[in-house]
Amino acid sequence: YFIQSNLRNRLMGVSSSSSSGGAGVANAALVGSPHSGIPVDPVPYTGPAIEYRVIQVEGTVSASFDGSASSNIDDKMPLLAQQYAEYFQLGTFFRLPYQASRKGMMSARVAYQGIFLRPAVFVPSPESWQLQVHQTTLSLNDLTHGSVFGMRSLNTAPNAAGLTNIFNIVGAQADLGGRLQCVESTSGRDRTGLVSMNFGINLFFNMPLHPNPQKFTTIAFCTSMQVSRNIGHHECSWDINGPLGGYLNQGWKLVDINLPQHEAGLTQQGNKRNHMSLVPLQLSVIWFFEKDQARIAANDMTPLYQVTVVNVDVHVSVGFTGSSSNLNITSLIKEMGDKGWSVVSVLDTPAAQQTGMMAMKCTVSVFFQRPLVEVPPLH
């Protein structure tokens, strides 16, 4: 597997509070957001290049006094599904961090992006796919960090109750040849007790339209992200190399990474100026991997993919009507696509630093993946 040495393996940064004010949703910057640098190939990559298309949609998040919230972007799903008619497939779907404008006393307008990809050079294929989205909930109450959760005969722990809904859906789609593409928090959450909460989840699947599709098994690996509170910033650290090395080296493919508490807005959408003091000291990180069932049955551990991560600086402005950020990774993904890298996850980490009375800088980690190819020997 592959993590560039010039990138930070331990992401350190901050989760800063955004009060519920803001300057509204700003237009994306004309130039790409600053980032930590892209990986350099010792020899040119010989695999296929990737072409990208970015689709941005808006949705509304409504909150309640008990801390619960709901969102609905169902009417935007047909637009996302239409991209498959041009042979694009969904790479990832995510909420743009800190892009929110107030829409009433208890609701806000937020923005989402879907990043689609296809080979830069068209190659006829007998396979054809369509996009399906399933909604469910996730609970963190019984997730044990360091545990692996999966389906059927795999040597995994019994599914925690909080993941049962997800794996029931994943298993049913896998039986039909479906492949999980993205796990995205909907910003919806439902408080079930004094400290318990269910998080709304959208599961995006590629569903086959061709006969006799390959079937894949999905597992989830739960780890933790530690947060230390400091004045004006929070430092956080989490293990990237362990999960990636452990599974990529056994032939698994990274599907997505999910930070439920952060993506649901608990650490970035507060209505109090002292919201930073409410950020949990530990967040759950859920890694999703998949593997061809035939290769599992054959106990084939051959590595097939490599992953790298690029950290992007995002500048945030906060005001009384909402917040805005300058995240723009269009140029980054194009440059990475030219080198064969497919985007897997755009992860808004609790990494930020207060830079002014109404401004801060946060970190978004963009994970890319590509197939391993045989590198010719140097002469």
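Structure: see above.
Here's a quick rundown of the structure. (Residues numbered from 1 in each chain as written. Predicted model: local features only at pLDDT ≥ 70, side-chain atom pairs only at ≥ 80, totals over all residues. Heavy atoms only, no water.)

**Some details on the environment of Glu-290**
Tracing the backbone shows Glu-290 in strand β12 (residues 282-292). Take Glu-290: its relative accessible area is 3%, and that puts it in the buried class. With 111 residues separating them in the primary sequence, Glu-290 and Arg-179 have C-alpha atoms 8.3 Å apart. Once residues lying within four places of it in the same chain are set aside, the contact partners of Glu-290 are Arg-179, Leu-180, Phe-216, Thr-217, Thr-218, Trp-252, Lys-253 and Val-255. Here the side chain of Glu-290 touches Arg-179 through a polar contact of 2.3 Å, side chain to side chain. (Helix = DSSP H or I, 4+ residues; strand = E, 2+ residues; numbered from the N terminus. Buried < 20%, exposed > 50% of the residue type's maximum accessible area, 1.4 Å probe, protein only. Contact = heavy atoms within 4.5 Å. Polar contact = N/O pair within 3.5 Å; in protein donor to acceptor, adjacent residues only side chain to side chain.)

**Comments concerning helix α6 (residues 330-338)**
Along α6, the positions that sit buried rather than exposed are Leu-332, Ile-333, Met-336 and Gly-337. For α6, the angular spread of buried residues about the axis comes to 130°, placing them on one side. Away from its buried face, by an angle of more than 90 degrees, α6 presents the exposed residues Lys-334 and Asp-338. (Arc of directions from axis to C-beta.)

**Topic: helix α3 (residues 241-248)**
For the α-helix, the turn length of 3.6 residues means that residues three or four positions removed from each other point alike. Turning to α3, its buried residues number three or more, namely Pro-243, Leu-244, Gly-245, Tyr-247 and Leu-248. On its buried face, α3 is in contact with β6 (148-149), β9 (216-230), β11 (253-258), β12, β13 (305-318) and β16 (359-371).

**Brief notes about the side chain of Thr-349**
Along the chain, Thr-349 turns up in strand β15 (residues 342-356). There is a polar contact of 2.9 Å between the side chain of Thr-349 and the backbone oxygen of Thr-363.

**Topic: the pattern of salt bridges**
Applying the stated rule across the entire model yields eight salt bridges. Arg-109 is the salt-bridge partner of Glu-58, the closest N and O atoms lying 3.6 Å from each other. In this pair, Glu-58 is assigned in strand β1 (residues 50-63) and Arg-109 in strand β4 (residues 107-119), connecting sequence segments 51 residues apart. For Glu-58, a relative accessible area of 39% gives the class partly exposed. By relative accessible area, which is 29% here, Arg-109 ends up partly exposed. Measuring nitrogen to oxygen at the nearest pair gives 3.3 Å for the salt bridge that ties Asp-75 to Lys-76. (Salt bridge = Lys/Arg side-chain N within 4 Å of Asp/Glu carboxyl O.)

None of the figures reported here should be taken as evidence of function without further support.
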